[in-house]
Amino acid sequence: MRATLVRIGIDQAYGGWNAPVDPATNEFVYVPIPEGAKAPQHPRLATTYATVEPALRTFAAARPDAPAKLVTLPAELAGAATHLDPDFDELTYGDNGERRGRAIASFEPGDLIVFYAGLQPVTPCAHRLVYALVGLYRVASVGRAADFPRSRWHENAHLRRVTARPTDVVVHGTRGRSGRLRRCIPVGEFRAGAYRVWRELLDAWGGLSCKDGFIQRSAVPPQLLDAARFLAWFDAQGAELVAANA
């Protein structure tokens, strides 16, 4: 079994905003990154931030004291196209099979993709951002984007593009054993000038391929050195996975 950590979701580098999290309950909203004008989607398949706004409104309504700027999309994102990846409704994740996704391109059924994000707390907490696990896939299959028929283009952001890269791969998670976390699991702290996985978790997981648990955005996703040990830890958390973006 192999496992990798993949950072997802809107942040300061991709979108200029961080999705909200309630540090008291670990409830959060999954907000994908923008698609960008250089990668147009098929018009009938395009996804936009309009699909995210209901979840943000529900989250905000339950927390009337939260500052509006933390729970409301920036005006420039309203109606913009999203790169909805992973797509938890479809239990898919796409990546480039030559660069950052090279390891994932060789994944086999039973391997793990563990998703995490940098989230903005809506009430004061120990750190400016909450770095947390937000989803997990037990891999069911990995296929080249070019091999998917038109009838399946709706399943992932990399398939919805007018021009897909020939090296792109699309992963499907095992239904019933994969999905978005109902409540995120905080795993990081600001240490030695960067956000890193807590040292006690590095020990519990069996280590990461990156130096001292570094989990800020990187060119190559870190690998979990002992996938079975990590999965035992994850299962012990009793976390609920749902096949839904919101």
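Asks: Teacher, can you tell me more about the overall build of the protein here?
Replies: Within the protein one finds six helices and 13 strands. Computed over C-alpha atoms, the radius of gyration of the protein comes to 17 Å, within 12% of the 18 Å expected from 2.2 N^0.38 for 246 residues, which places it in the range of a compact globule. Projected onto its principal axes, the C-alpha positions of the protein cover 45 × 40 × 35 Å. Within the span of the protein, comprising 246 residues, buried residues form 51% of the whole. Long-range pairs, those at least 24 residues apart, make up 71% of the contacts in the protein with a sequence separation of at least 6. Put simply, the protein shows about 11200 Å² of open surface, and 53% of that area lies on carbon and sulfur atoms. Seen as two clouds, the 29 positive and the 25 negative side-chain charges of the protein have centres 3 Å apart.

Asks: Looking at this model, I keep getting lost on the pairing of strand β8 (residues 130–144). Mind explaining?
Replies: In the case of a regular strand, side chains alternate between the two sheet surfaces. Within β8, eleven of the 15 residues are buried, which leaves it mostly tucked inside the rest of the structure. Bridging between strand β7 (residues 112–121) and β8 involves eight bridges; their strand directions are antiparallel. Bridge pairing links Val114 to Leu136 in β8. Here β8 pairs with strand β10 (residues 179–186) via four bridges, running antiparallel.

Asks: Just checking my understanding: could you explain the pattern of salt bridges for this structure?
Replies: Between side chains of opposite charge, a pair can form as their charged atoms come close. Summed over all chains, the structure comprises 15 salt bridges. A salt bridge links Asp11 to Arg7, with the nearest nitrogen and oxygen atoms 3.2 Å apart. In this structure Arg7 comes out as buried when scored by relative accessible area, which is 12%. Here Glu189 and Arg191 are joined by a salt bridge, their closest N and O atoms 2.7 Å apart. When its relative accessible area of 21% is taken as the criterion, Glu189 is described as partly exposed.

Asks: Help me understand the packing of aromatic side chains in this model?
Replies: Any two aromatic rings considered together are summarised by their centre-to-centre distance and by the angle between their planes. Counting across every chain of the model gives eleven aromatic pairs. For the ring pair Tyr30 and Phe88, a centre distance of 5.2 Å and an interplane angle of 70 degrees mean the geometry is edge-to-face. Placement of Tyr30 in the loop between β3 (27–28) and β4 (33–34) and of Phe88 in the loop between β5 (82–83) and β6 (92–96) is noted, with a sequence separation of 58 residues between them. Residue Tyr30 shares its accessibility class with Phe88, and that shared class is buried. Three or more aromatic residues link up through ring pairs in this structure, and these residues are Tyr30, Phe88, Tyr93, Phe115 and Tyr137. The cationic tip of Arg63 hangs over the ring face of Phe59; the distance from NZ or CZ to the ring centre is 4.0 Å.

Asks: What is the right way to look at the pairing of strand β9 (residues 168–173) in this model?
Replies: Extensive coverage of β9 is indicated by the burial of six of its six residues. The side-chain alternation of β9 yields two buried faces, one formed by Asp168, Val170 and His172 and the other by Val169, Val171 and Gly173. Of the strand pairs in this sheet, β6 and β9 are connected by five bridges, and their pairing is antiparallel. The partner of Gly94 across the bridge, within β9, is Val170. Summarising the sheet, β8 and β9 pair through five bridges and their orientation is antiparallel. Counterpart to Val142 in the pairing with β9 is Val171.

Asks: Whenever I open this one, the environment of Ser209 confuses me. Can you help?
Replies: With respect to the element layout, Ser209 can be found in the loop between α5 (199–205) and α6 (227–236). Sequence separation between Ser209 and Leu136 is 73 residues; the distance between their C-alpha atoms is 18 Å. Not counting residues within four places of it along the chain, the set of residues in contact with Ser209 comprises Pro222, Gln223 and Leu225. Within the local environment of Ser209, its side chain forms a polar contact with the backbone nitrogen of Gln223, the two atoms lying 2.8 Å apart.

Asks: I'm lost on the nonpolar core in this one. Help?
Replies: The nonpolar side chains of a soluble globular protein tend to be buried with one another. The biggest cluster of nonpolar side chains holds 37 residues, and the ones touching the most others in it are Val31, Ile113, Phe115, Leu119 and Val134. Element by element, the count of residues in this core is highest for β8, at five residues. For Ile113, the residues in contact, after removing those within four places along its chain, are Thr4, Val6, Tyr93, Ile104, Phe107, Gly135, Leu136, Tyr137, Val139 and Val171. Among the nonpolar cores identified, the runner-up in size contains 26 residues, and Tyr116, Leu133, Val197 and Leu208 belong to it.

Criteria and thresholds
Counting from 1, residues in each chain are numbered in the order their sequence is written. Per-residue local features of the predicted model are confined to residues with pLDDT of at least 70, and side-chain atom pairs are confined, for both listing and counting, to 80 or more; whole-chain, interface and lining totals are unaffected and use all residues. With hydrogens and water stripped out, all remaining heavy atoms of the structure feed into the side-chain values. Helix and strand definitions follow DSSP, with helices as H or I runs of at least four residues and strands as E runs of at least two, each counted in order from the N terminus. Only the C-alpha atoms count toward the radius of gyration. The rule for a globule is 2.2 Å times the residue count to the power 0.38. Partly exposed residues are those whose accessible area sits between 20% and 50% of the maximum for their type, while under 20% is buried and over 50% is exposed, using a 1.4 Å probe and protein chains only. In this analysis, two residues are considered to be in contact whenever any of their non-hydrogen atoms come within 4.5 Å of each other. We get accessible surface area from the Shrake-Rupley algorithm with a probe of 1.4 Å; when it comes to residues, only the shown protein chains can shield them. Counting rule applied: Lys, Arg positive; Asp, Glu negative; His and chain ends not counted. To locate a charge, take NZ of a lysine, CZ of an arginine, CG of an aspartate or CD of a glutamate. Paired strands are those between which DSSP finds at least two bridges. Within this document, salt bridges are pairs made up of a side-chain nitrogen of Lys or Arg and a carboxyl oxygen of Asp or Glu, the two lying within 4 Å of each other. Only Phe, Tyr and Trp rings take part, Trp by its six-membered ring, and two of them pair if their centres are within 6.5 Å. Stacked means planes under 30 degrees apart, edge-to-face means over 60, and tilted covers everything else. Definition used: whenever NZ (Lys) or CZ (Arg) falls within 6 Å of the ring centre and also within 35 degrees of the ring normal, the charge is taken to sit over that ring. Two N or O atoms count as a polar contact when they lie within 3.5 Å, although within protein this holds only if one can serve as hydrogen donor and the other as acceptor, and sequence-adjacent residues are included solely when both atoms are side-chain atoms. Here, nonpolar core means buried Ala, Val, Leu, Ile, Met, Phe, Trp, Tyr and Cys residues that are tied together by side-chain atoms lying within 4.5 Å of each other.

These figures capture arrangement, not role.
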